[in-house]
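# Examination of the molecular architecture
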Amino acid sequence: DGGITQSPKYLFRKEGQNVTLSCEQNLNHDAMYWYRQDPGQGLRLIYYSQIVNDFQKGDIAEGYSVSREKKESFPLTVTSAQKNPTAFYLCASSLVSAGQGGEKLFFGSGTQLSVL
Amino acid sequence: AQTVTQSQPEMSVQEAETVTLSCTYDTSESNYYLFWYKQPPSRQMILVIRQEAYKQQNATENRFSVNFQKAAKSFSLKISDSQLGDTAMYFCAFMTPRGNQFYFGTGTSLTVIP
C-alpha cells in the first residue's frame, strides 16, 4: 500500500543532543513537508521540498535542518539550537502540479518528540 | 500573507444532530484550494473535504458539506447526523498553487455527545 511512513513514533532528546526524525513515502510525490504541531497552535511549517536536492525554509525553520537526497525520503534533524523541541511532528507529501491532484496533502502518522 | 482563522476552539454536538464549524481566510490570490482535515485521537490527519475556489458549487462528501462564500472569504464545514466517530480536531486549510504551500488554522476540537 502506498503511503507515508514516519519513525519513530516516540522520541526522547537529551540536552545538547541532535535527533533525526525519519519520513519515507512511496507515493511518487514530488513535494514533501515537515510540520510542527503544538496544542492550540495548529500546524506550522518547518521546511518543505519540491524537488530532490532542494528545500526551502518554512515559518519556523530555526533550530531544524533537512535533506532531500532521494525523492522518497525527507529526514528532519532537530538540533540542539532548538530550545523548545517538545511537539508532535508531522511529515506530509503531495504532487507538485495543482489541478492534477497536486493540491492534496497526504500525512504520515507523526512523531512525538519529548525532552528528557 | 495568507492566513486561516478558526474562531471556535471547542464545540460539542449531540449525536445525530448537525453542527457547523467556521473558518475564514485571507488571501490576495485568485486561484486556490480550501480543505477541512480531521485529526482524531489517533492523531492521523484525514482529509474530509476539499473545494476549488473557481467552483461556485459547494463540495459535499456524504454527511459533510461546506458553505463556501468566496467574497466573504468564508469556508464553513457542516456535519450532519453527527456520529461518535466524528469526535476529533478539525483543521481548516488553504493552499495556493503558486509556491505549493499549505496554511492551516488553529483547529476546532469537536466532541460528539452520546
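Here's a quick rundown of the structure. The model shown is predicted, which means the values in this text are computed figures rather than measured ones. Every chain is numbered independently, its residues counted from 1 as its sequence is written. Written order determines the labels here, with chains lettered from A and ligands numbered from 1. At least 70 in pLDDT is required for a residue's local features to be given in this predicted model, at least 80 for side-chain atom pairs to be given and counted, and no such filter applies to totals for whole chains, interfaces and linings, which use all residues. Heavy atoms throughout the structure, all of them, feed into the side-chain values; hydrogens and water do not.

Below, the discussion takes up the overall build of chain B. Only DSSP runs of H or I covering at least 4 residues are called helices, and only runs of E covering at least 2 are called strands; the numbering of each starts at the N terminus. Helix and strand counts for chain B stand at zero helices and 12 strands. In this treatment the radius of gyration is a C-alpha quantity, and the globule benchmark scales as 2.2 Å times the residue count to the 0.38 power. Here chain B has a C-alpha radius of gyration of 14 Å; the compact-globule value for 114 residues is 13 Å, and the two agree. Here the C-alpha coordinates of chain B stretch approximately 45 × 25 × 20 Å along the principal axes. Within chain B, buried positions represent 49% of all 114 residues. Residue contacts are defined here by distance: any two heavy atoms, one from each residue, within 4.5 Å place the two residues in contact. Long-range pairs, those at least 24 residues apart, make up 55% of the contacts in chain B between residues at least 6 apart in sequence. Of the roughly 5,500 Å² that chain B leaves accessible, carbon and sulfur atoms contribute 46%. Residues counted as positive are Lys and Arg, residues counted as negative are Asp and Glu, and His and the chain ends are not counted. Note on charges: their place is set at NZ of Lys, CZ of Arg, CG of Asp or CD of Glu. Positive and negative charge centroids in chain B, built from 9 and 9 side chains respectively, lie 8 Å apart. When a residue's accessible area, from a 1.4 Å probe over protein chains only, is under 20% of the maximum for its type it is buried; when over 50% it is exposed; and in between it is partly exposed. Note that accessible areas follow from Shrake-Rupley with a 1.4 Å probe, and for residues the cover is restricted to the protein chains shown.

Now for unusual backbone geometry. Here the bond from S7 of chain A into P8 of chain A is cis, since omega is -10°, no more than 30 degrees from zero. By the secondary structure assignment, P8 of chain A is in the loop between β1 (4-7) and β2 (10-13). Look at A16 of chain B: it is not a glycine, yet its phi comes out positive at around 80°. Inspection of the secondary structure puts A16 of chain B in the loop between β2 (10-14) and β3 (19-21). Under the relative-accessibility criterion, A16 of chain B is labelled partly exposed at 47%.

Residue and element names in this part refer to chain A. Two strands pair under a simple rule: DSSP has to find at least two bridges between them. Spatial strand order, β1-β3-β8-β7: four strands in an open sheet with antiparallel pairing. The open sheet has two edge strands with one neighbour each: β1 and β7 (64-66). Put simply, the sheet's adjacent strands are angled 20° from each other on average, direction ignored. Between N-to-C directions, angles span 0 to 180 degrees; the directions come from axes that are lines fitted to C-alpha atoms, helices contributing only their stretch in contact.

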